[in-house]
Amino acid sequence: MTPHVLIIGAGVAGLVAARRLRADGLRVTLVEASARVGGRAHTVRLGDHSFDRGASWLHDADRNKLADLARAKGEVLIDSDAARSRRVLIDGRIADRHELMARARAWQRLEDLAGAVHEDAAFAGTITALRSDPWTASLEAWEICQIAAADPERISVRDWQDNQLDGRNLSPARGIGTLVQEHLATPVELATPVMALDWRGPILAETARGTIRADAVIVTVSTAALNKIRFTPSLPVSAEHLPMGLLTKVALRARGSDRLGLAVEESVSARIAPGEAMMSLLAWPGGVDHVVAFIGGPHAWALHREGAAATVDFVRAQLRAWFGSATELSEADLADWAAVPWHGGAYAYAEAGHADIRARLAEPLAGGRLVIAGEATCTNGLAGTVGGAWLEGERAASIVRAALQPHA
Ligand SMILES: Cc1cc2nc3c(=O)[nH]c(=O)nc-3n(C[C@H](O)[C@H](O)[C@H](O)COP(=O)(O)OP(=O)(O)OC[C@H]3O[C@@H](n4cnc5c(N)ncnc54)[C@H](O)[C@@H]3O)c2cc1C
């Protein structure tokens, strides 16, 4: 009898694993808790344009399989690095060349200091000596709270270094969610959340639509969603020290001139004082009539607790202060990933003292018949990305295929 593999979660990792195993002739049941595929790759319409609520850049494009697929399918890919320029605001005005040079020097000092740390410490603690530099708070907010979506007091400096992104960044004109939905399509059972998983013998998954029995299982859910599944026996490695960070995106339609005179695809951040909240902005991506605000880390969690209206109000107030009143701001679309029950945050980061947690959680169980895979378990520098999720889907598929080989 053909081996039967259950895959939990139809994000990039789950879709890639399902397609691989089906191509190999295995019977696959792919279940998804929500009513759509793509997971954290999700494109919506905002006016006449696309807005990616989750992933929007194909990072490290030369080793990103999703970028290869997009090219093969003839998708338009915008070279973000060529198109984008960066602005930094100081007290509402654009920083000059000398100020930017001071920022670059502060960044170099920060990287050197963090790089010299030998123990697996928290990021915030490792840069204490730089606290008096006027740029330190802003650099920390940008790198840790926004890019890593993490809490500087908790994230392992080693995990941060291992996953610093490199290479070119491309952005698909039709959105990453659209790309995933159209080009990674494979049969899925939607609205089928798995609540419990028994892996003592044959796999028994308790879902909202009954029990599924399988020979092997691949679990691709976020670490927050993983903690909600009841495993029997319990997983030997807990995802407790691989918490979900938060990056909240708010898109607003914006028309008219702005006081700063921002051009298409300009990426804006601000110099902040210690403890102050940072919001960054992408102005008119690809020339469309909206801007996208990003809020990350502890500040994003605080706004999440206050609610969607408070988050949008915060963004509007910040934009008013930056742009002046000549810019007309209309409908907004908010992507608060902590509010989505099947995600519980944006992407995972390892806590200080647990830099090896991604690799430990990725270790195959039950002789390769149970594999946890997804952005969180990626250990080749692409954690937290769609490119990493793809590689994890491939990894899980080959482990399961090898484990079931004698039966195949
Ligand atoms: C705001 C934001 C911005 C981002 N920006 C970028 C970017 O620019 N570039 C980039 O590369 N990456 C970015 N990312 C990260 C990227 O989106 C993720 O790393 C990637 O999509 C994760 O894929 P995955 O398959 O591991 O998990 P997911 O996409 O989360 O897929 C897991 C699936 O499992 C489902 N699920 C959960 N629990 C259950 C259950 N019990 N039973 C059944 N199904 C379940 C979920 O609904 C989900 O569909 C961003 C993410 C966010 C949130």
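All of these numbers come straight from a predicted model, not from anything done at the bench.

Chemist: Tell me what's going on with helix H2 (residues 65-72), and back it up with residues and numbers.
Modeler: Considered for burial, the residues of H2 that qualify are Leu66, Ala67, Leu69 and Ala70. Looking straight down H2, one finds its buried side chains confined to an arc of 160 degrees; they lie on one side. If you follow the buried residues of H2, they end up packed against strand E5 (77-79), helix H8 (176-183) and helix H13 (386-404). Structurally, the start of H2 carries an N-cap: the backbone nitrogen of Leu66 is 3.0 Å from a side-chain oxygen of Asn64. Taken from the residues just after H2, Gly74 is the one with a positive phi, measuring 75 degrees.

Chemist: Describe the side chain of Ser171, with residues and values.
Modeler: Mapped onto the fold, Ser171 is located in strand E8 (residues 170-172). Relative accessible area serves as the criterion here: at 13%, Ser171 is assigned to the buried category. In this view, Ser171 contacts Ser56, Trp57, Val76, Leu77, Ile78 and Ser80; residues no more than four positions away in its chain are not counted.

Chemist: Which residues make up the nonpolar core, and what are the values?
Modeler: For soluble globular proteins, nonpolar side chains are generally found buried alongside one another. With 37 residues, the main nonpolar core has Ile7, Leu21, Leu66 and Leu184 as its most contacted residues. At the level of secondary structure, the elements contributing two or more residues to this core comprise strand E1 (4-8), helix H1 (12-23), strand E2 (27-31), H2, H8, strand E12 (216-219) and H13. Sequence-distant contacts of Ile7, defined by excluding residues within four places in its chain, comprise Gly14, Ala17, Ala18, Leu21, Val28, Thr29, Leu30, Val31, Ile218 and Thr220.

Chemist: Hey, could you go over the site of the ligand for me, with residue numbers and the actual values?
Modeler: Near the ligand, the surroundings consist of 37 residues, among which Glu32, Arg40, Trp57, Val194 and Val386 are the closest. Within the backbone of Glu375, an N or O atom sits 3.0 Å from an oxygen atom of the ligand. Note that an oxygen atom of the ligand is positioned 3.4 Å from one of the backbone N or O atoms of Gly384. Considering the ligand on its own, with 1000 Å² of exposed area, one finds that the protein chains cover 98% of that surface. For the shell around the ligand, the secondary structure elements donating two or more residues are H1, strand E14 (247-255) and H13. Grouping the amino acids of the shell around the ligand by side-chain chemistry returns 19 nonpolar, 13 polar and 5 charged.

Chemist: Break down the packing of aromatic side chains for me, citing the residues and quoting the values.
Modeler: Taken as a whole, this structure holds 4 aromatic pairs when the rule is applied. Between Trp107 and Trp160, the ring centres sit 6.3 Å apart and the planes meet at 85 degrees, which makes this aromatic pair edge-to-face. Separated by 53 residues along the polypeptide, Trp107 in helix H4 (residues 97-115) and Trp160 in helix H7 (residues 157-162) bring together distant segments of the chain. Aromatic side chains Trp284 and Phe323 sit 5.8 Å apart centroid to centroid with 20 degrees between the ring planes, which places their arrangement in the stacked category. Taken as a pair, Trp284 in the loop between strand E16 (280-283) and strand E17 (290-296) and Phe323 in helix H11 (residues 308-323) lie far apart in primary sequence, 39 residues in all. Ring pairs connect the aromatic residues Trp107, Phe123 and Trp160, which therefore count as one cluster. The ring of Trp135 carries the charged tip of Arg271 above its face, separated from the ring centre by 5.0 Å.

Chemist: Account for the side chain of Thr43, with residues named and values stated.
Modeler: With respect to the secondary-structure elements, Thr43 resides in strand E3 (residues 43-46). The class for Thr43 is buried, based on a relative accessible area of 18%. A polar atom in the side chain of Thr43 sits 2.8 Å from the backbone nitrogen of Gly177. Among the polar contacts listed, one links the side chain of Thr43 to the backbone nitrogen of Thr178, at a separation of 3.0 Å. Beyond its immediate chain neighbours, meaning those up to four positions away, Thr43 contacts Ser50, Phe51, Asp52, Arg174, Gly175, Ile176, Gly177 and Thr178.

Chemist: Which residues make up the sheet that holds E12, and what values go with them?
Modeler: Across the sheet, which stays open at both edges, the 4 strands sit in the order E2-E1-E12-E19 with parallel pairing between neighbours. Two strands lie at the open edges of the sheet, namely E2 and strand E19 (370-372), each paired on one side alone. The sheet shows a mean angle of 15 degrees between the axes of neighbouring strands, direction not considered. Summarising the sheet, E1 and E12 pair through 4 bridges and their orientation is parallel. Residue pairing across strands places Ile8 opposite Val219, the latter belonging to E12. Against the sheet, H1 contacts E1, E2 and E12, and its axis sits at roughly 165 degrees relative to E2.

The rules behind each value
- Residues numbered from 1 in each chain as written.
- Predicted model: local features only at pLDDT ≥ 70, side-chain atom pairs only at ≥ 80, totals over all residues.
- Heavy atoms only, no water.
- Buried < 20%, exposed > 50% of the residue type's maximum accessible area, 1.4 Å probe, protein only.
- Helix = DSSP H or I, 4+ residues; strand = E, 2+ residues; numbered from the N terminus.
- Arc of directions from axis to C-beta.
- Contact = heavy atoms within 4.5 Å.
- Polar contact = N/O pair within 3.5 Å; in protein donor to acceptor, adjacent residues only side chain to side chain.
- Core = buried A, V, L, I, M, F, W, Y, C linked by side-chain atoms within 4.5 Å.
- Near = heavy atom within 4 Å.
- Areas by Shrake-Rupley, 256 points an atom, 1.4 Å probe, with all protein chains shown as cover.
- Nonpolar A, V, L, I, M, F, W, Y, C, P; charged D, E, K, R; others polar.
- Phe/Tyr/Trp six-rings, centres within 6.5 Å; stacked < 30°, edge-to-face > 60°.
- Lys NZ or Arg CZ within 6 Å of the ring centre and 35° of its normal.
- Pairing = 2+ DSSP bridges.
- Axes fitted to C-alpha atoms, helices over the stretch in contact; angles between N-to-C directions.

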